[in-house]
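# Reading the structure
Residues per chain are reported as follows:
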Amino acid sequence: MANKNKSGRYQRIFRQVEELIQATESPWSRMSTIAALLHHKIPDYFWTGFYFLDEEDNLIVGPYQGPVACLKLKKDTGVCWAGINTGKSVVVGDVEEFPGHIACSSLSKSEIVVPVRDKSGKVTAVLDVDSRELNTFDETDRVELEKIVDLIYQ
């Protein structure tokens with residue numbers, strides 16, 4: 001998808017999310033809505049969902065769309081933990097080349113992880129999106145997904 005078209009699609013999804021989430025301030029409900037919209041509106045998304053830090057600092061699956069997920073991710077391993085530990089989005093063109101990648105599905109070829117921050121700025125979760133294609137995600141995805149994720153705690 002060309003970047004102009006991709007950006008336009010994300011902007012339309014952003015406006016839709018913005019409108020829908022007004023019904024509740026629940027981060028869980030907002031994450032559920034975001035996962036569903038992204039998963040069904042962007043064809044390259046194979047698995048779309050959230051992992052959140054629980055009280056014991058475990059990374060546990062939250063709302064998602066796609067095949068069955070890993071329920072708990074080993075601490076400090078994989079792309080999701082890289083996003084948690086750095087507090088920055090991580091774009092991986094080929095998951096086979098990412099050290100410590102956790103393969104919840106062998107069909108996953110590329111991935112993007114975007115940290116979710118609460119109102120105080122603390123990272124509480126990550127949005128994780130997988131694709132069956134190599135090099136699916138780029139700077140446009142990063143920028144636009146960060147904007148969408150920021151809506152969760154607004």
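Now for a quick tour of the structure.

Calculation criteria
- Residues numbered from 1 in each chain as written.
- Predicted model: local features only at pLDDT ≥ 70, side-chain atom pairs only at ≥ 80, totals over all residues.
- Heavy atoms only, no water.
- Pairing = 2+ DSSP bridges.
- Helix = DSSP H or I, 4+ residues; strand = E, 2+ residues; numbered from the N terminus.
- Contact = heavy atoms within 4.5 Å.
- Axes fitted to C-alpha atoms, helices over the stretch in contact; angles between N-to-C directions.
- 1 Å grid on protein atoms, 1.4 Å probe; cavity = no way out; pocket = protein on both sides within 12 Å on 5 of 7 lines; lining within 4 Å.
- Points joined across faces, edges and corners; volume = space filled by probe spheres on them.
- Nonpolar A, V, L, I, M, F, W, Y, C, P; charged D, E, K, R; others polar.

In spatial order, the strands read β3-β2-β1-β6-β5-β4; together these six strands make up an open sheet with antiparallel pairing. The sheet is open, and its two edges are formed by β3 (72-73) and β4 (90-92), each paired on a single side. Sheet topology places β4 next to strand β5 (residues 110-117); three bridges connect them, and they run antiparallel. Bridging from a neighbouring strand, Val90 pairs with Val113 of β5. Contacts between helix α2 (residues 27-41) and the sheet are confined to β1 (47-53), β2 (59-65), β5 and β6 (123-131), with β2 contributing the most and set at about 55° to the helix.

Attention now goes to unusual backbone geometry. A positive phi angle, near 60°, is found at Asp57, a position not held by glycine. Relative to the helices and strands, Asp57 is located in the loop between β1 and β2.

For the rest of this paragraph, the subject is empty space enclosed by the protein. The final tally for this structure, using the stated rule, is one cavity of 30 Å³ or more. Each pocket or cavity is described by its volume, and for the largest cavity that value is around 180 Å³. Along its surface, the largest cavity is lined by 19 residues, and Ile102, Cys104, Glu111, Asp128 and Asp130 are the ones closest to its centre. Elements that contribute at least two residues to the lining of the largest cavity include exactly β1, α3 (78-86) and β6. Broken down by element, the residue count for the lining of the largest cavity peaks at three residues, all from α3. Looking at the lining of the largest cavity, its residues break down into 12 nonpolar, four polar and three charged.

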